[in-house]
Amino acid sequence: MPFRLLLLFCCLFNTRLPAAELLVLRHIAPESRQDTRNYYFIDLLNLALKKTEASAGPFELLSYAAPMNQSRALSSLNQDYGVDIVWTMTSNERELNYLPIRVPLLKGLLGHRVFLIHKKNRQKFANISTLEQLQALSAGQENGWPDTEILKSNGFNVVTGYQYAGLFKMLADHRFDYFPRGMNEIWQEAPIYTGLDLMVEPGIVVYYPAPIYFFVAKNNPALAKRIETGLMLAIRDGSFEQLFLSHPSNQEMFTKTRLEQRKIFRLENPLLPEKTPLENPELWYQIPREPSKD
């Protein structure tokens, strides 16, 4: 083989492709020291990124140093100093301003709202049999949460606060009658606030379609595509479902909520975007029916 051809041959087969750049993602931190709601979403994000690591390169997840409420976290997505990804409930406004990854991270269960109430009010809620009776009471929500507008549009009386942790104290002080919580949230929160004489209301659930998505900045479609691809791979190979059902942050919501035994009040969600993938059954949780007693 001529020397020049030999040299070219060696160069071609000894050339390595450049290593993919490390993807560093800053995600939101808990809103308070007791806030454990984020652990499942961080683990799910890690799973999605691992599914695409071979094709898209390595990654590192970092928690943003300062706690943020949802509104501040979302607004920081488009800033150089802010976070790179947020998980939150979708709305028309949020999908207009940020880039949604339309895979419901909790398979729609966030829309099943169970109440935290003061123990003195247990009988008051036990006597509720109609939507009108529930609308006559007051619900607490954080200012800026989409749930506030959803509840108000359905005729509910809503009292708002500006800090997540402060809402529990407001409930204890009877500033409102109940605090609707996602069934994935309430079982972790209730033990923290037992000293305030709060409890989980045992018989009612309010439902409205409310998928929670990952959101990234509008100018980052490549990141959105990578996460969507990873999530769909995890759905297809069963690892999404396995994490969803077995994660410590989720297990209690299945064993304790007992959706099939509760009185369900179904509401409309006027904030639900048209592109919500309601017709794709693999993305949504199916409530099991109670076994027939016949």
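Rules used throughout
Residues numbered from 1 in each chain as written. Predicted model: local features only at pLDDT ≥ 70, side-chain atom pairs only at ≥ 80, totals over all residues. Heavy atoms only, no water. Buried < 20%, exposed > 50% of the residue type's maximum accessible area, 1.4 Å probe, protein only. Helix = DSSP H or I, 4+ residues; strand = E, 2+ residues; numbered from the N terminus. Arc of directions from axis to C-beta. Contact = heavy atoms within 4.5 Å. Core = buried A, V, L, I, M, F, W, Y, C linked by side-chain atoms within 4.5 Å. 1 Å grid on protein atoms, 1.4 Å probe; cavity = no way out; pocket = protein on both sides within 12 Å on 5 of 7 lines; lining within 4 Å. Points joined across faces, edges and corners; volume = space filled by probe spheres on them. Nonpolar A, V, L, I, M, F, W, Y, C, P; charged D, E, K, R; others polar. Phe/Tyr/Trp six-rings, centres within 6.5 Å; stacked < 30°, edge-to-face > 60°.

A. Layout of helix α13 (residues 248-257). All of the buried residues along α13 are S249, N250, M253 and T257. Each buried residue of α13 lies within a common arc of 85 degrees when the element is viewed along its axis, so the set occupies one face. Relative to its buried face, α13 has exposed residues pointing more than 90 degrees away, namely P248 and T255. On the buried face of α13, the contacting elements are α2 (39-51), β5 (112-118), α10 (186-189) and α12 (239-246). Where α13 ends, the next residue or the one after it, R258, has phi of about 55 degrees, a positive value.

B. Molecular detail of the nonpolar core. In this structure, I227 and L231 are the most contacted members of the largest nonpolar core, which totals 85 residues. In this structure I227 touches L45, A48, L49, I85, I101, F214 and V216, once residues within four positions along its chain are discounted.

C. Representation of the environment of V24 within the structure. Summarising the element assignment, V24 is placed in strand β1 (residues 23-27). By relative accessible area, which is 37% here, V24 ends up partly exposed. In this structure, the C-alpha to C-alpha distance between V24 and P58, residues 34 residues apart in sequence, is 8.8 Å. Excluding residues within four positions of it along the chain, V24 makes contact with E60, L62 and D84.

D. Examining the layout of surface pockets more closely. Considering only enclosed or pocket space, the largest pocket measures out at about 260 Å³ in volume. Together, 15 residues line the largest pocket, and S91, E93, R94, G144 and P146 are the ones closest to its centre. Elements supplying a minimum of two residues to the lining of the largest pocket: α4 (70-76), α5 (92-97) and α8 (146-153). Looking at the lining of the largest pocket, the element that brings in the most residues is α5, giving four residues. Split into classes, the residues belonging to the lining of the largest pocket amount to five nonpolar, seven polar and three charged. Here the second largest pocket is characterised by a volume of approximately 150 Å³. In terms of lining, the second largest pocket is formed by R26, L77, N78, Q79, D80, V83, D84, V216, A217, N219 and N220. Residue classes in the lining of the second largest pocket are distributed as four nonpolar, four polar and three charged.

E. Quick look at the packing of aromatic side chains. Counted according to the given criterion, the structure contains 16 aromatic pairs. Ring centres of F244 and F254 lie 5.5 Å apart, and the angle between their planes is 85 degrees; on these two criteria the pair is classed as edge-to-face. Of the two residues, F244 sits in helix α12 while F254 sits in helix α13, which places them 10 residues apart along the sequence. Judged by its relative accessible area of 0%, F244 falls in the buried class.

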